[in-house]
Amino acid sequence: MATGIQPSAPLSPAVLAILLSLAEGEKHGYAMMKDARTPERGGVAMGPGTLYGSIERMMRDGLVEESSTQDNERRRYYRLTGLGGTVLAAELERLDAAVRSARLLGLLPNGGRL
Amino acid sequence: MTPATSNASHSSGPTEESSFGSLVGLYALALNLYPRPFRESYAPAMCQTFRDALRDRSLSLRKLVPLVFRDLLISLAKEHLSMLRDSFTRPALVFNALVLAGISTVLALALYAIPQHVLRAGLNDPQIQLASDLTARLEQGATPAEAIPAASIDMARSLAPFVIAYDDQGHPLASQAQLNGATPAPPSGVFEFVRQHGEERISWQPIRGSENGVRIAAVVQRVNGAHPGFVLAGRNMREVETRIGQVQNMAGLTWLAMLGLILVGAVAVG
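For clarity, every value in this text was computed on a predicted model and none was experimentally measured.

Here is what the cut-offs are and how they apply
Residues numbered from 1 in each chain as written. Chains lettered and ligands numbered in written order. Predicted model: local features only at pLDDT ≥ 70, side-chain atom pairs only at ≥ 80, totals over all residues. Helix = DSSP H or I, 4+ residues; strand = E, 2+ residues; numbered from the N terminus. Pairing = 2+ DSSP bridges. Contact = placed C-beta atoms within 7 Å. Nonpolar A, V, L, I, M, F, W, Y, C, P; charged D, E, K, R; others polar. Axes fitted to C-alpha atoms, helices over the stretch in contact; angles between N-to-C directions.

Draft legend 1. Spotlight on unusual backbone geometry. Residue and element names in this part refer to chain B. The backbone of Arg57 shows a phi angle near 60°, a positive value even though the residue is not glycine. Along the chain, Arg57 falls in the loop between helix H2 (36–56) and helix H3 (61–87). Positive phi outside glycine occurs at Asn180, with the angle close to 55°. Secondary-structure assignment places Asn180 in the loop between strand E4 (177–178) and helix H7 (188–197).

Shown next as structure tokens:
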């Protein structure tokens with residue numbers, strides 16, 4: 001079933017933040033939400049609704065999967081799939097190319113953090 | 001890889017726990033607004049995530065609660081739209097919904113067309129009798145002045161039926177009704193048709209316009225005999241057209257309600 005996330009298309013900020021968070025290892029919902037808020041992970045302030053809506057679509061696209069880890073009956077853990085890792089790498093490549101281009105155009109200060 | 005833990009970074013007292021419980025209870029109640037499949041899959045995990053966020057306190061309550069409830073509203077809309085998209089990409093569901101929409105459209109059209117026809121046809125009943133009686137009297141030799149009562153009816157205002165006699169060329173001979181001080185005549189094509197077929201039933205508009213227009217339900221008959229001509233019996237359609245408009249509105253609302261029910265049903269099943 002089509003789910004709206006095309007691997008070649010730019011990812012939404014929420015999806016990118018979730019993928020970045022899960023790149024560290026499997027995590028539960030709040031850990032991903034907290035990670036996403038940090039500037040290094042996209043600075044996306046999302047609530048549980050956006051988080052689980054995105055996870056639902058990412059699972060359908062095969063980017064993430066639920067893991068068997070359980071420390072609480074209601075807390076669910078997720079991890080990146082192989083496809084999820086590939087899509088994340090492609091997105092980071094795309095963003096990196098955009099940043100390099102911005103530097104060449106003088107839009108970013110030399111040695112800028114980005 | 002080591003799973004990240006959810007330990008709260010701060011401990012919370014019994015009062016805070018109680019207020020957290022109320023907030024989580026309210027949130028859990030609001031989660032019932034999500035589409036059922038989504039709710040069944042994620043509601044417990046979403047509540048747990050909210051509970052974890054409340055206990056963690058890395059974001060103050062003043063920031064966290066508006067963030068979570070604003071996010072709830074946005075994601076509610078997204079999930080319902082997503083479910084609608086998914087539902088309407090299922091051919092069997094779309095086919096059934098289209099068939100039901102087609103049946104509803106036919107029913108709504110019938111709900112309008114049948115009463116409209118009955119009301120409009122019934123509007124002609126007195127004129128048919130009036131025209132027949134006047135035709136008979138004129139054919140028996142009565143003059144138009146004798147056969148038509150002298151009372152003057154304002155065609156624009158009165159709902160009373162009236163009769164008019166015309167000569168063979170369509171010029172008025174005698175009239176029971178006036179419109180702006182004159183006796184109007186229907187289009188000449190009407191007389192030509194009646195000359196060939198004996199009778200015609202028409203909706204005649206001596207004054208056109210949506211607000212000030214005058215529409216007459218008219219029956220025109222041919223008068224044969226020594227002084228051939230025509231008789232027209234008419235009646236202002238204003239009241240019946242108002243009723244037809246009400247029927248149209250009711251049929252339209254019924255149609256929209258049926259389409260709404262089909263949409264809700266498709267979403268519920270989908």
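On we go.
Draft legend 2. Inspection of the sheet that holds strand E2 (residues 64–66) of chain A at higher detail. All names here are of chain A. Reading across the sheet, the three strands line up as E1-E3-E2 and stay open at both edges, with antiparallel pairing between neighbours. Edge positions in the sheet fall to strand E1 (27–28) and E2, since each of these pairs with one other strand and no more. Direction of pairing for E1 relative to strand E3 (residues 77–80): antiparallel, over a ladder of two bridges. In the strand pairing of E3, Lys27 is matched with Tyr78.

Draft legend 3. Quick look at the interface of chain B and chain A. Each side of the interface is counted separately: chain B has 27 residues, and chain A has 25 residues. Class assignment of the residues belonging to the side of chain B that touches chain A gives a composition of 16 nonpolar, six polar and five charged.

Draft legend 4. Quick look at the sheet that holds strand E5 (residues 199–207) of chain B. All names here are of chain B. An order of E3-E2-E7-E6-E5 is seen for the five strands of this open sheet, with the pairing classed as antiparallel. Edge strands, defined here as strands with exactly one partner in the open sheet, are strand E3 (172–175) and E5. For this sheet, the mean angle separating the axes of adjacent strands, direction not counted, is 25°. Where E5 meets strand E6 (residues 214–223), seven bridges bridge the pair, whose relative direction is antiparallel. If you follow Glu199 over to E6, its bridge partner there is Gln221. Packing of helix H5 (residues 125–139) onto the sheet brings it into contact with strand E2 (162–167), E6 and strand E7 (229–236), and relative to E6 it is tilted by some 35°. Together, E5, E6 and E7 form the strand contacts of H7, whose direction differs from that of E5 by roughly 170°.

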